[in-house]
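# Structural overview for review
One-letter residues, chain by chain:
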Amino acid sequence: MKNGAMDFIVIKNSLLSMYCDMRLLGEARLLFDESSDLDLISWNVMVSGYGKSGNLNAARYLFDEMPEKNLVSWGAMIDACVRGGDYVEALRLFSRSQCEGVRPDIVMLVSTLKACGHAGSIRQGYWIHLYIEQNKLGSSDKGSNVILSTALVDMYCRCGCIDAAFDVFDQVTNKDIVLWNAMIGGLAMHGHGRRALEIFGRMMETGVMPNESTYMGVMCACSHGGMVDEGIEIFESMKTRGVEPQREHYGCLVDLMGRAGRIRRAEEVLLSMPMEPQAEQWGALMSACRMHREFDVGVRAGRHLIELEPHDAGRYVMLANVYAGTGRWKEAMDVRREMEEKGVKKERGWSLIEWNGRVEEFVAGDWRHQQRRKIYEVVGEMERRLEKVGYVKDTSEMVIDMDGEEEKGVAMSHHSEKLAMAFAILNIGEGVIVRIVKNLRVCRDCHNYTKLVSKVYGREIVVRDRSRFHHFKEGFCSCNDYW
Ligand code: ZN
Ligand code: ZN
């Protein structure tokens, strides 16, 4: 190639990256399609540009079409999957890249660890941890060491392995605020309120100043750990340390008070906060009303939520459940009708379970699995065994069955986590902790069911749902039935 042609492609590539950085993917694609002298860099820029703009399909199409791939291409595609929420595919791509002999760099490892955390894939996460240690990655540079350690802490916490997260955390000598926050947030997710407060104290001692995320983590920890007064105190101390409470912090305060049953007080906080409350803050009040069966406030919160997010099926479910919880079935059915008339579609519920280095996926009423016959046999058998110890189906949340697809005749006995548990009983040896990741909130019936399975089958089961961890053991759950 002549020098002139070389320069030309260099200019073209920087133009492509500029378009992508400005999110002008249409312009970038036009230039890309019109050019006949593309090189590997041009392809990589496009895959990464589509990934960052959230167009996973377009990124994948180009990735599959690429004439050759390098580390950057694989990294860009994995990152695109993580951003698009397809964590299982991100892990598959990582495995494929390993088969093709790609040596991952820190950026790629960080996005893959994120995928491991979200998919609950402790095995692959642990493998990456070993890889980092064996290759002494980040050991020469303190900055990248903190970045990798933060990703590991986050991954272990999300997979429910707090102790492993703690080991990594403790070994870092120059902890920055992001790492402290990851550890505090991880403890919060598991309801370890006291430990989170301890770490918060240690952080203050070392002179690192807490920021908004730190306060979010500590307050959530208090909230999930039932430490109401401590949480309120921390909220009040924010201003004196020069951190202005944001909407999220007010939401957390509402949650704290709501959990403790101080519902009217929580509603007052919400109505008097300096900024307009949004769905998340109303949602916190709503959960409290649902838990304490507080009817009037619950209906008010429910109406606000539907107004704010008219296309979110979960909002209708919550309001319908408030009505159903007090036996007002007619009103509950009206909410359901309203949802159908507006054409609101439910998000599909799924559960993931890792087994033998693979991630198995289940949706409600799933018939795609190889072992489907056996799985459904076990589901039937589980239900019979649980009934003997007093299990009764709880249909109070079933006015709108969020997880199932009742219009297709899928019953709640076949909610995705029940199928995942049956799979676990069939395949996973006793004594091994069963880890399930679920995308929606666990319904009341599945929660009760899982508690009984942990007792009758003597299994320890960790379920991570949309907002937190449930650690089921000997008939009890770590959330104390508050979720
Ligand atoms: Zn369920
Ligand atoms: Zn629970």
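Look up: the structure comes first, before these words.
Residues numbered from 1 in each chain as written. Chains lettered and ligands numbered in written order. Predicted model: local features only at pLDDT ≥ 70, side-chain atom pairs only at ≥ 80, totals over all residues. Heavy atoms only, no water.

Moving on to the coordination of the zinc ion (ligand 1). Taken together, the protein donors to the zinc ion (ligand 1) comprise His415 (ND1), Cys443 (SG) and Cys446 (SG), at separations of 2.0 to 2.4 Å. Here the donor residues of the zinc ion (ligand 1) share one chain and are spaced in sequence as H-x27-C-x2-C. (Donors = N, O, S within 2.8 Å, 3.2 Å for Na, K, Ca; no water.)

Turning our eyes to something else, we now look at the packing of helix H3 (residues 40-52) against helix H5 (residues 71-83). Running from N to C, H3 and H5 point in directions that differ by 10 degrees, and their axes come no closer than 8 Å. By the angle between their directions, the pair H3 and H5 is classed as roughly parallel. Seen from H3, the contacting residues are Leu40, Asn44, Val47, Ser48, Gly51 and Lys52; seen from H5, they are Val72, Ser73, Ala76, Met77, Asp79, Ala80 and Arg83. Its residues assigned to classes, the contact of H3 with H5 shows six nonpolar, four polar and three charged. (Axes fitted to C-alpha atoms, helices over the stretch in contact; angles between N-to-C directions. Helix = DSSP H or I, 4+ residues; strand = E, 2+ residues; numbered from the N terminus. Parallel < 35°, antiparallel > 145°, perpendicular 65-115°, else oblique. Contact = heavy atoms within 4.5 Å. Nonpolar A, V, L, I, M, F, W, Y, C, P; charged D, E, K, R; others polar.)

Here we take up the environment of tryptophan 180. Along the chain, the position of tryptophan 180 falls in helix H11 (residues 177-189). On the basis of relative accessibility, which here comes to 3%, the residue tryptophan 180 falls in the buried class. (Buried < 20%, exposed > 50% of the residue type's maximum accessible area, 1.4 Å probe, protein only.)

Side chains of residues three or four places apart in an α-helix project in the same direction, reflecting 3.6 residues per turn. Across its 13 residues, helix H15 (residues 247-259) extends 18 Å between first and last C-alpha, which sits within 8% of the 18 Å expected from 1.5 Å per residue. Among the 13 residues of H15, eleven are classified as buried, and the element is accordingly described as predominantly covered. For H15, the full list of buried residues reads His249, Tyr250, Gly251, Cys252, Leu253, Val254, Asp255, Leu256, Met257, Gly258 and Arg259. Buried-residue contacts for H15 involve helix H13 (212-224), helix H14 (228-240), helix H16 (263-272) and helix H17 (279-292). One or two residues past the end of H15 sits glycine 261, with phi positive at roughly 85 degrees. (Expected span 1.5 Å × (residues − 1).)

Our focus in this paragraph is the environment of phenylalanine 200. Here phenylalanine 200 shows up in helix H12 (residues 193-205). Phenylalanine 200 sits in the buried class, given a relative accessible area of 8%. On a C-alpha basis, the gap between phenylalanine 200 and methionine 183 in space is 9.5 Å, while along the polypeptide they are 17 residues apart. What phenylalanine 200 contacts, discounting residues up to four positions off in sequence, is Ile184, Pro210, Thr214, Tyr215, Val218 and Arg241.

As a further point, take a nonpolar patch on the surface. A surface patch of nonpolar side chains, amounting to about 270 Å² of accessible area, comprises Leu15, Met18 and Met22. Taking relative accessible area as the criterion, methionine 18 reaches 41% and is therefore assigned partly exposed. (Patch = residues over 30% accessible without salt bridge, like charges linked within 9 Å, V, L, I, M, F, W, Y side chains within 5 Å. Areas by Shrake-Rupley, 256 points an atom, 1.4 Å probe, with all protein chains shown as cover. Salt bridge = Lys/Arg side-chain N within 4 Å of Asp/Glu carboxyl O.)

Among the nonpolar cores identified, the biggest contains 125 residues, and Met77, Val153 and Leu285 are the most heavily contacted of them. Per element, the largest residue contribution to this core is nine residues, and it comes from helix H19 (residues 313-325). In this view, leucine 285 contacts Val254, Ile263, Ala266, Glu267, Leu270, Val297 and Ala301; residues no more than four positions away in its chain are not counted. (Core = buried A, V, L, I, M, F, W, Y, C linked by side-chain atoms within 4.5 Å.)

All right, on to the sheet that holds strand S2 (residues 358-363) then. Strand order in the open sheet formed by six strands is S2-S1-S3-S4-S5-S6, with mixed pairing between adjacent strands. Looking at which strands have only one partner, the edges of the open sheet turn out to be S2 and strand S6 (476-477). Summarising the sheet, strand S1 (residues 350-355) and strand S3 (residues 434-438) pair through three bridges and their orientation is antiparallel. Paired with isoleucine 353 across the bridge in S3 is isoleucine 436. (Pairing = 2+ DSSP bridges.)

Applying the stated rule across the entire model yields twelve aromatic pairs. Ring plane angle 20 degrees and centroid distance 5.6 Å describe the contact between tryptophan 127 and tyrosine 131, whose orientation is recorded as stacked. Here the residue tryptophan 127 and the residue tyrosine 131 both occupy positions in helix H8 (residues 122-134), the gap between them amounting to four residues, near one helical turn. A relative accessible area of 40% means that tryptophan 127 is categorised as partly exposed. Taking 5.5 Å as the distance between ring centres and 55 degrees as the angle between the ring planes, the aromatic pair formed by phenylalanine 362 and phenylalanine 423 counts as tilted. With a gap of 61 residues between them, phenylalanine 362 in strand S2 and phenylalanine 423 in helix H22 (residues 416-427) connect regions that are remote in the sequence. Accessibility classification places phenylalanine 362 together with phenylalanine 423 in one group, the buried group. (Phe/Tyr/Trp six-rings, centres within 6.5 Å; stacked < 30°, edge-to-face > 60°.)

Note that leucine 256 resides in helix H15. Sequence-wise, leucine 256 and alanine 266 are ten residues apart; in three dimensions their C-alpha atoms are separated by 8.3 Å. Excluding residues that lie within four positions of it along the chain, leucine 256 makes contacts with Met219, Cys222, Ser223, Met227, Val228, Gly231 and Ile232.

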